[in-house]
Number of protein chains: 4
Amino acid sequence: MNNELKLYEHKAQYYETDQMGIIHHSNYIRWFEEARTDLLDSVGFGYDQMEESGIIIPVLAINCEYKSMVYYNQTVYIIPAVEFFNGIKLTLSYRVIDKVSGELRAYGESKHCFLNSNHRPVSLKKVNKPIYDLFENLVGKDMFTN
Amino acid sequence: MNNELKLYEHKAQYYETDQMGIIHHSNYIRWFEEARTDLLDSVGFGYDQMEESGIIIPVLAINCEYKSMVYYNQTVYIIPAVEFFNGIKLTLSYRVIDKVSGELRAYGESKHCFLNSNHRPVSLKKVNKPIYDLFENLVGKDMFTN
Amino acid sequence: MNNELKLYEHKAQYYETDQMGIIHHSNYIRWFEEARTDLLDSVGFGYDQMEESGIIIPVLAINCEYKSMVYYNQTVYIIPAVEFFNGIKLTLSYRVIDKVSGELRAYGESKHCFLNSNHRPVSLKKVNKPIYDLFENLVGKDMFTN
Amino acid sequence: MNNELKLYEHKAQYYETDQMGIIHHSNYIRWFEEARTDLLDSVGFGYDQMEESGIIIPVLAINCEYKSMVYYNQTVYIIPAVEFFNGIKLTLSYRVIDKVSGELRAYGESKHCFLNSNHRPVSLKKVNKPIYDLFENLVGKDMFTN
């Protein structure tokens with residue numbers, strides 16, 4: 001495991017279940033966000049820094065493949081990784097892994113761009129090199145097996 | 001039924017169920033909000049008017065008694081009523097009633113005050129008589145049996 | 001518009017907003033489910049029939065592209081369509097369209113299979129021809145422009 | 001702090017915010033549930049034991065007073081306490097406290113009864129003395145100040 005980063009955990013809550021007796025599939029999208037904001041926090045681009053920089057990172061697209069079910073009270077790791085980044089576009093992937101068995105529960109991705117405070121797309125390399133470097137530094141890092 | 005007001009309906013969604021096979025109790029608090037904003041809309045104090053007036057109506061307290069269960073795909077009426085209003089404080093009640101059987105599913109209340117754009121409590125009677133009159137006009141109206 | 005089917009509407013609720021002032025992206029996945037269950041209801045495969053038949057239709061994968069933002073109090077149509085069906089697998093697409101402007105807000109898909117009461121994948125053509133025919137009949141139908 | 005019990009923490013998530021820029025009030029009801037199930041877990045009446053015993057603890061009523069706002073990314077303690085218990089009825093209270101400042105953010109309660117597997121109310125003292133003793137042992141314990 002990477003020294004700078006700890007695995008993000010989520011314990012499946014009762015209010016996340018549905019009447020099939022499993023965690024409702026929409027919650028995984030929220031878990032992706034939890035892991036994403038946790039990752040950004042841990043590399044120094046948390047909410048305060050984001051506000052200060054005026055850079056917004058909207059969600060352009062998401063997808064999720066459900067591999068096996070998560071049940072109430074089980075804890076999963078949500079492992080984000082930067083799959084693509086060029087300063088203009090960003091793709092993150094997420095593996096949802098059972099904490100006990102290590103089994104893959106789901107795999108998903110989110111696609112993003114970068115907007116300035118006027119909601120115009122920007123190139124981070126041009127407008128904010130330090131933040132560009134933060135993301136550049138994450139590309140290809142595996143936060144689980146290192 | 002009151003001429004100006006129609007009953008607010010909500011169809012219980014699958015994502016609102018939990019693994020006991022019923023609608024999770026936290027959703028009722030959201031349904032209260034649905035009915036409350038619908039009521040405000042219908043009397044001419046919808047989101048646009050609220051923004052324009054600069055008046056914010058935060059939730060100070062909520063409560064809910066669960067009388068009988070709501071199941072997936074059932075439709076309920078959520079019937080709001082103004083229980084108390086003096087221009088400074090507002091209490092609304094909500095009856096959740098099964099559309100088919102007319103049975104009471106839940107009864108709850110929300111308490112509110114009025115804030116100006118600086119987030120200071122205000123007396124509507126002093127700062128905005130037209131909005132004061134809107135609420136005053138709702139006191140004691142029964143939106144179900146009229 | 002198709003004679004048998006009416007457009008599914010959802011009014012964006014206050015509790016669905018986030019602090020960017022827009023509807024949080026995770027809600028679209030729930031809206032897809034609303035439109036999907038509404039579609040199944042309207043063709044005679046609602047929850048009661050599903051329970052009776054013992055056929056479960058889990059979500060295997062979802063995706064969504066966010067084209068433009070939905071704001072509080074706006075009403076959208078969510079238009080489902082069967083993109084693929086062979087009795088073993090099912091893909092539905094969803095267009096989220098602003099009711100007033102007709103603008104596309106989002107486009108997404110969900111992938112499903114069919115399980116029997118023992119949670120084993122089944123071929124609908126073999127185990128339940130009437131339900132097979134229901135879905136077969138929906139393939140290629142456009143619920144918006146007809 | 002009580003030796004057997006650790007404080008339950010929740011970090012406010014982005015998807016829990018609303019467009020007023022604060023955590024939406026409905027989430028507190030879910031946080032109460034998080035703290036309640038965590039408490040039950042920690043005293044040996046977690047989900048597995050509950051299933052085994054056949055005892056269900058439905059929510060009969062909830063209330064919440066909002067004292068001050070919780071913002072995105074802030075961590076709160078949710079401190080449950082047994083306010084009343086006689087084997088037939090149970091009342092829990094919850095204090096939501098900012099982890100950094102110690103300020104009270106909200107105070108609420110939930111009321112419960114005990115049902116057997118046939119959904120009939122039971123007296124725990126009569127049908128399950130060990131579980132009765134678990135709750136009895138919690139009455140009046142303050143999980144924050146020892």
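The following paragraphs examine the structure supplied in this document. Note that the structure is a prediction, hence the values are computed from the model and not measured. Sequence positions are assigned chain by chain, starting from 1 and proceeding in written order. In the order they appear in the text, chains get letters beginning with A and ligands get numbers beginning with 1. Only residues with pLDDT of at least 70 are given local features in this predicted model, and only at 80 or more are side-chain atom pairs given and counted; all residues enter the totals for whole chains, interfaces and linings. To get the side-chain values, take all heavy atoms of the structure and skip hydrogens and water.

**Examining the interface of chain A and chain B**
And then number 1: In what follows, a contact means two residues having at least one pair of non-hydrogen atoms within 4.5 Å. Residue-level contacts link 9 residues of chain A with 9 residues of chain B.
And then number 2: Buried area adds together the accessible area that both of two parts lose upon being put together, with accessible area traced by a 1.4 Å probe. Carbon and sulfur atoms supply 52% of the area that chain A and chain B bury against each other, a total of about 890 Å² over both sides.
And then number 3: Contact with chain B buries area across many residues of chain A, yet A:Tyr14, A:Gln19 and A:His24 alone supply 58% of it, more than any other trio.
And then number 4: The rule for a salt bridge is simple: a side-chain nitrogen of Lys or Arg has to be within 4 Å of a carboxyl oxygen of Asp or Glu. Counting the contacts that link chain A with chain B gives 0 salt bridges.
And then number 5: Distance and chemistry together define a polar contact, namely a pair of N or O atoms within 3.5 Å, with one atom able to donate a hydrogen and the other to accept it when in protein, and with adjacent residues in sequence counting only for side-chain atoms on both sides. On inspection of chain A and its partner chain B, the count reaches 6 residue pairs in polar contact (both at pLDDT 80 or more).

**A short note on the relation of the copies chain A and chain B**
And then number 1: Alignment of the copies relies on least squares applied to C-alpha atoms, considering only residues that score at least 70 for pLDDT in both. Superposing chain A onto chain B requires a rotation of 180° together with a translation of 0.0 Å along the rotation axis, leaving an RMSD of 0.0 Å. Given the turn and translation reported, the copies of this chain are related as if by a two-fold rotation axis.
And then number 2: Most of the interface of chain A is mirrored in chain B, where 100% of its interface residues again form contacts.

**Digging into the packing of helix H1 (residues 26-42) of chain A against helix H1 (residues 26-42) of chain C**
And then number 1: At a minimum axis distance of 8 Å, the contact between H1(A) and H1(C) shows a crossing angle of 170°. Between H1(A) and H1(C), the interaxial angle falls into the category roughly antiparallel. Seen from H1(A), the contacting residues are A:Ser26, A:Asn27, A:Ile29 and A:Arg30; seen from H1(C), they are C:Ser26, C:Asn27, C:Ile29 and C:Arg30. Where helices are involved, their axes are fitted lines through C-alpha atoms of the stretch in contact, as for all axes, and angles between N-to-C directions lie from 0 to 180°. Here a helix means four or more residues in a row that DSSP labels H or I, a strand means two or more in a row labelled E, and each is numbered from the N terminus. Oblique is the label for any angle not covered by the other classes, which are roughly parallel (under 35 degrees), roughly antiparallel (over 145) and roughly perpendicular (65 to 115).

**Focus: the pairing of strand E5 (residues 104-113) of chain B**
All names here are of chain B.
And then number 1: A strand pair is defined by DSSP finding two or more bridges across the two strands. Note that strand E2 (residues 59-66) and E5 share 7 bridges and pair antiparallel. Opposite Cys64, over in E5, you have Gly108 as the bridge partner.
And then number 2: Taking the residues that link successive antiparallel strands as the turn, the strand E4 (residues 89-98)-E5 hairpin has 5 residues, and the phi of Gly102 there is positive, at about 75°.

**Here's the deal with the pattern of salt bridges**
And then number 1: Within the structure shown, the criterion is met by 28 salt bridges over all chains.
And then number 2: The partner of A:Lys11 in a salt bridge is D:Asp41, with the nearest N and O atoms 3.3 Å apart. On the criterion of chain membership, the pair formed by A:Lys11 in strand E1 (residues 8-11) and D:Asp41 in helix H1 (residues 26-42) is interchain, its members lying in two chains.
And then number 3: Residue D:Glu103 is joined to D:Arg105 by a salt bridge in which the shortest nitrogen-to-oxygen separation is 3.6 Å.
And then number 4: With a 1.4 Å probe rolled over the protein chains alone, any residue whose accessible area is under 20% of its type maximum counts as buried; one over 50% counts as exposed, and the rest are partly exposed. Judged by relative accessible area, D:Glu103 falls into the partly exposed class, the value being 43%.
And then number 5: Each of the salt bridges in this network shares a partner with another, and the network as a whole consists of A:Asp98, A:Glu103 and A:Arg105.

**Some points on the interface of chain C and chain A**
And then number 1: Tallying the contact residues gives 20 residues for chain C and 20 residues for chain A.
And then number 2: The junction of chain C with chain A conceals about 1,900 Å² of combined surface from both sides, 58% of it contributed by carbon and sulfur atoms.
And then number 3: Per-residue buried area on chain C facing chain A is highest for C:His25, C:Arg30 and C:Ile62; these three make up 26% of the total on that side.
And then number 4: On inspection of chain C and its partner chain A, the count reaches 0 salt bridges.
And then number 5: Here chain C and chain A share 10 residue pairs in polar contact (both at pLDDT 80 or more) between them.
And then number 6: Where the side of chain C that touches chain A is concerned, the elements lending two or more residues are H1 and strand E2 (59-66) of chain C.
And then number 7: Among the elements that make up the side of chain C that touches chain A, the one with the highest residue count is E2(C) (8 residues).
And then number 8: Each residue gets one of three labels, nonpolar for Ala, Val, Leu, Ile, Met, Phe, Trp, Tyr, Cys and Pro, charged for Asp, Glu, Lys and Arg, and polar for the others, Gly among them. Of the residues belonging to the side of chain C that touches chain A, the class tally is 10 nonpolar, 6 polar and 4 charged.
And then number 9: Summarising the sheet, strand E2 (residues 59-66) of chain A and E2(C) pair through 5 bridges and their orientation is antiparallel.

**Quick word on the relation of the copies chain C and chain A**
And then number 1: Structural alignment of chain C on chain A gives an RMSD of 0.0 Å, achieved by rotating through 180° and translating 0.0 Å along the axis.
And then number 2: When the interface residues of chain C are mapped onto chain A, 100% of them are again interface residues, pointing to one common binding face.

**Things to note about the side chain of D:Arg36**
And then number 1: Structurally, D:Arg36 is set in helix H1.
And then number 2: Positive charges are assigned to Lys and Arg, negative charges to Asp and Glu, while His and the chain termini are left out of the count. Buried and unpaired, D:Arg36 has no salt bridge, with D:Glu33 as the nearest side chain of opposite charge at 4.1 Å.
And then number 3: Among residues more than four places away in sequence, those in contact with D:Arg36 are B:His25, D:Val59, D:Leu92, D:Tyr94, D:Ser110 and D:His112.

**A word on the packing of aromatic side chains**
And then number 1: In this analysis, rings of Phe, Tyr and Trp, with Trp reduced to its six-membered ring, are considered paired at centre separations within 6.5 Å, and the interplanar angle assigns stacked below 30 degrees, edge-to-face beyond 60, and tilted for intermediate values. In the structure shown here, the tally under the stated rule is 40 aromatic pairs over all chains.
And then number 2: Both rings, one in D:Tyr14 and one in D:Tyr72, keep their centres 5.2 Å apart while their planes meet at 90°; by these two values the pair is edge-to-face. Separated by 58 residues along the polypeptide, D:Tyr14 in the loop between strand E1 (8-11) and H1 and D:Tyr72 in the loop between strand E2 (59-66) and strand E3 (75-85) bring together distant segments of the chain. Residues D:Tyr14 and D:Tyr72 agree in their burial class; the two are buried.
And then number 3: A network of ring pairs unites the aromatic residues A:Phe45, A:Phe85, A:Phe114, A:Tyr132 and A:Phe135 as a single cluster.

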